[in-house]
Amino acid sequence: MKRCALLLLAAASCLYGVVALASTRPHYGGTLRLAVREAPISLYPADPSQSDSPVMRSLYRLIFDTLVILDARGLPQPGLAVSWQADPGNQRWQFAIRHGVSFQDGIAVSPDAVAGSLRAANPNWKIFAAGEGIVIECDAPTANLPAILALPRYGIAKRTGGKLIGSGPFAVKQWDPGKKLSLAAREDYWAGRAFVDAIEIEMGKTFRDQILEFDLGKADVVEVAPDQARRLAAEGRGIRSSAAAEWMGLVFRDDLRPDLSRDEAPDGQSTVEKLRTALAFSIDRDSMNNVLLQGGGEPAGALLPNWMTGYAFLFPTAADMQRAQLTRGEVPQAPAWSLSYDVSDPLARVIAERVVLNARDAGLRLQAVSSATADVSLLRVPLASLDAEVALTNLAAKLGLPQPKFDGDPPAALYAAENALLQSQRIIPLLYLRPAVAVRANVRDWTEDQVGEWDLQTVWMETEKP
Amino acid sequence: MSFGRKLMLVFALTVFLSVGAVTWIVSSVTRRAFERASEDETAALIAQFRHEFSRRGDEVVRRVETVAGSDAATRMALAVSRGSTDYSSFVNEAKALAENQQLDFLEVVDQHGTILSSAQWPAKFGYKDSSLPAGTAPKVAFLRQEELPEGAALSLAAIRPVEIGERPLLIIGGRRLDKDFLESLELPAGMRAMLYRNLARGFSPEMLVTASDVPQSLSQLAPLIEQVQQQRQDASALLHWSANPADDESMHAIPLNGPDKQLLGILLVGNTRRPYVELRNRIRSAALLAGAAGIVLAILFSGWAASRVTRPVDQLAAAAREVAAGNWNTRVVVSSNDELGALAESFNRMTAELLQQREQLVRTERVAAWRELARRLAHELKNPLFPLQLTVENLVRARQHSAEQFDEVFRESSSTLLAEIANLKAIISRFSEFSRMPQPQFQPVEVNELVQNVARLLRGQLRSPELSSIECRMELSENLGPVAGDPELLHRALSNLALNAMDAMPQGGLLTLRTGGKGDRVIVEVADTGTGLTAEECDRLFTPYYTSKTQGTGLGLAIVQSVISDHGGRISVRSRPGQGTTFVIELPRNLDKLEKSEFPPESVAISGSSARDQVDKE
């Protein structure tokens, strides 16, 4: 009897295991519904007017392939290009194009099409087809060209009949610019069909609308503001946060005020630089992150986060009000600075207001304004790439800083370049923000890399139990 | 200026002044009434504001009490009482609570005034609230200055404690006093309310909150605002927003104090003066219209009244002129019992008296004339009678002489008697002739031709050696036109004057015959350059039997005056001793008398030969 019972128990366990295995095994089918804030009016990845947010980059990757893709460590891996080789000097590169890849209209991706698409994305490069591959001749030595080509804006696109198509895992089924994008999985995708049959993306939704749609079951995945992630998670929603992948900080206008810049102090710092130093010391990043951001980020003292460089901890983030007041005291009269921020961004608003309060404690006069032309701007810039050099270069460009120069081997060259940018005192890093999403329980294998890009090709939909 | 015009002017002025006075009075009354109404409306609006302020205050108190009693507030109070300073768990609470209770401002502060959570300024956690009232928190709502990132704002706030544990919290909530609050006030037409947030020294246009259009020149509000800031009491002013008086606005400012008596706001109640100005303009327009109509009516009425009043006066004037012209029988019709009627009666009595006096004078003069005539006649007759008496006595005495002597005496006496008797006959003839002056037979007479005929007659005499040193000159006016007159009598009169003039120039001289026109009269002047006359002689010149000459009866000029007077004219004399004499005859044309005459309209001139007679040159 006891043996029979044990046998029955073993059989039941095996049956449960089979059922459980079947429910956790990826399977095809289903429609993934997303709601995002972005409202692009074009799907062209090289359009400079479009946002460079992780969401947009993720969407581009659904439609357009790049020659190279970066793995989780930021290392280049074959994409449309199966191999590449640089000539000495890293200025001329040859990429071999993968065979058997076709655009969504069924036409094969040829080296000519690839060359034409890349030429449109970067007119400064000389690009031409050569045999089974293409040749890219850069205007300067570019050692990290494969990482650059992994950026979504170098996705291979083709216009056919007025439509923009790519060779990505999904084909555009419906496109209502700025409102809705419907994608269908391609059966003939060279890297294998995606699990979900379709992806529907509602665009232009605020965080509030997104979470409402999520709660109403109208969306499977929605964006979550970094400062709301903890609360929403506490309320039982499935919150997924990436690594700190968005830089937030203050950027000073490039044109210094002549009357102040001429007043050079004995220590070599001008009055403007002293005031900026005082402002940097006055900012309480921990309070910002813990209270205002609700832990949705981490204090930033550098441009690139520590997970990317490993040395970011060397740049201080703690506030030092005493030094701030001392430094401020060295300048008899401080001008009133205006601080601009994105008025449509509530998080930017409270951060700006906190900066104003901290500055006031240091004796600095800072006035938050909505005007675009201010003395100081509070900016949020997402990290564009898992490659540190590409990310820093892109970040510097977005902040209006000089392009960094990487002389030597990493990570020393990277540190030197980043430190040079910080020493220019044009910027005051505040925070790294962690992009977050709310994911419904039936969305399985949701993954995102450290810069917040979603890997929607591996997502599969579990049939919800009634 | 005629009486009619004067009367019209007086009427017009009276109407104008009356309309002006009425307009001024009506305008003044209207302005006072408008100001009273404006004051009443302002008071009502202020009362409404205070009522709304109180009502909203009660509502704010109720909402803040709800927040203070909420689970979230309780959780925060418990956490604080346990010593938690984790602002991250509080930071969003105030905003959520404020949204639930529809409060614009909400802060949770600890007992030290440190902000735990702020709805209006979430980033301000950990900072002190500088606007907390000193001392015990008011039980009712109060005006509070809210610190905001973009500046400051006014709120209607309330404070309620959360008494849990040893560290109570304070909930400070409020509603913004802004445009919405002002819009909630039910303003009468033409009124508006503005709120000045007294959050800076002096006047700052940015501090003004309006529910309607922002005034164009806000600087006009500055003196009023500054007055309230200094005096801390109500003030009023009339603001001129533009050159158009209709844009003027009466502005009343009321200070709004906080719990610590600090001036936090100023309520501005504006009342447009447009209705008053438009009403005033309408009154003025009506006054102008009434004035114009009144002036027209005044003209018409004054014309009617003047004609009514002046008609008797004109009749009196015409009667006076008639009397002046010698028609003393003129009477004025008395048609009223007023002053003019009395005047007319007085005039009639006066003319009657004058008639009586004239008749009496005539009688007196007639008696005097008869006496004078008798005296003259006696004198004239006595002269020839005395030789007659002597001659007859001499003849009687001659009877005693011889026949030859008698005959001789008789012859001489006879001739003497005949001569004297002839003299007596001549004297009697002249007197008889004077007494038989004929009435003029009117017919058209060309005076220039008459004068020329007289001159022609005189020229014959002037050729004589005794008178050759006299020059006769004529100055005749052209287009003189005819007069109605008796040509023979006029010829005789002119001839008499001319002969007298010649007699006045024994040493020779210039005789001037001059004609001219003066209105409806014809002027004839006979001037000499003789010895001239004294004033006394001039006065007595036309008296019958008065003569300045050694010979003559003194009846010549009397006859001339009689002739001229019978023609309705008059004769005057200008003379000064040594400077000659000028007789001036003014003859009325009297053409209306020709209609009754049998003579044709063509004029007639009498030649010297056809004259009925010659006037004596005596």
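Predicted model only: the values in this text are computed from it and were never measured.

Engineer: How should I be thinking about the interface of chain A and chain B in this particular structure?
Structural biologist: Many analyses report the size of an interface as the accessible area lost when the parts associate. Tallying the contact residues gives eleven residues for chain A and eleven residues for chain B. With five residues, the single largest contributor to the side of chain A that touches chain B is helix 12 (residues 346-361) of chain A. Residues belonging to the side of chain A that touches chain B are distributed by class as follows: six nonpolar, three polar and two charged.

Engineer: Please clarify how the nonpolar core should be interpreted in this entry.
Structural biologist: Where a protein is soluble and globular, its nonpolar side chains tend to be buried together. Ranked by size, the top nonpolar core spans 199 residues in total, and within it Leu339 and Ile351 of chain A together with Leu169 and Ile171 of chain B carry the most contacts. Sorting elements by how many residues they give to this core places helix 12 of chain A first, with eight residues. Ile351 of chain A has contacts with Met248, Met288, Leu292, Leu378 and Leu430 of chain A, leaving out every residue within four places of it along the chain. Judged by nonpolar contacts, the second largest core, of 42 residues, contains Leu458, Ala493, Leu541 and Leu557 of chain B.

Engineer: What's the story with the packing of helix 13 (residues 388-399) of chain A against helix 14 (residues 412-423) of chain A in this structure? I'm lost.
Structural biologist: Axis angle and axis distance: for two packed helices, these are the angle between their axes and the distance between the axes, and together they describe the pair. Residues and elements named next belong to chain A. Interaxial distance between helix 13 and helix 14 falls to 11 Å at its minimum, and their mutual angle equals 15°. On the basis of the axis angle, helix 13 is roughly parallel to helix 14. Both helix 13 and helix 14 take part in a crossing whose hand is left-handed. Two secondary-structure elements touch here, helix 13 through Ala388, Glu389, Leu392 and Ala396 and helix 14 through Leu414, Ala417, Glu418 and Leu421. When its residues are assigned to classes, the contact of helix 13 with helix 14 shows six nonpolar, no polar and two charged.

Engineer: I tried to follow the confidence of the model for chain B on my own but got confused; where do I start?
Structural biologist: Close reading of the predicted structure is inappropriate where its pLDDT is low. Residues and elements named next belong to chain B. Of the residues in chain B, 92% have a pLDDT of 70 or more, and the chain-wide mean is 81. Per-residue pLDDT, averaged within each element of chain B, yields its smallest value for helix 13 (residues 592-595) (70) and its largest for strand 1 (residues 105-109) (93). Note on residues 606-618: pLDDT is under 50 here. Beyond four places in sequence and across chains, it has 38 contacts. Both scores are available for the predicted complex, with the pTM at 0.64 and the ipTM at 0.79.

Engineer: What's the story with the sheet that holds strand 14 (residues 509-518) of chain B in this structure? I'm lost.
Structural biologist: Through backbone hydrogen bonds, the strands of a sheet pair up, either in parallel or in antiparallel fashion. Residue and element names in this part refer to chain B. Strand order in the open sheet made by the five strands is 12-14-15-17-16, with mixed pairing throughout. The two strands at the open ends of the sheet, each matched to only one other strand, are strand 12 (470-475) and strand 16 (570-575). Averaged over all adjacent pairs, the angle separating strand axes in this sheet is 15°, with direction ignored. When strand 16 meets strand 17 (residues 581-588), the two strands line up antiparallel, connected through six bridges. Paired with Val573 across the strands is Phe583, a residue of strand 17. Its contacts with the sheet place helix 9 (residues 447-462) against strand 12, strand 14 and strand 15 (521-528), and it is angled at close to 170° to strand 12.

Conventions adopted
Residues numbered from 1 in each chain as written. Chains lettered and ligands numbered in written order. Predicted model: local features only at pLDDT ≥ 70, side-chain atom pairs only at ≥ 80, totals over all residues. Contact = placed C-beta atoms within 7 Å. Helix = DSSP H or I, 4+ residues; strand = E, 2+ residues; numbered from the N terminus. Nonpolar A, V, L, I, M, F, W, Y, C, P; charged D, E, K, R; others polar. Core = buried A, V, L, I, M, F, W, Y, C linked by C-beta atoms within 7 Å. Buried ≥ 20, exposed ≤ 12 C-beta atoms within 10 Å, placed from the backbone. Axes fitted to C-alpha atoms, helices over the stretch in contact; angles between N-to-C directions. Parallel < 35°, antiparallel > 145°, perpendicular 65-115°, else oblique. Left-handed = near helix turned anticlockwise from the far one by under 90°. pLDDT = per-residue confidence, 0-100. Pairing = 2+ DSSP bridges.

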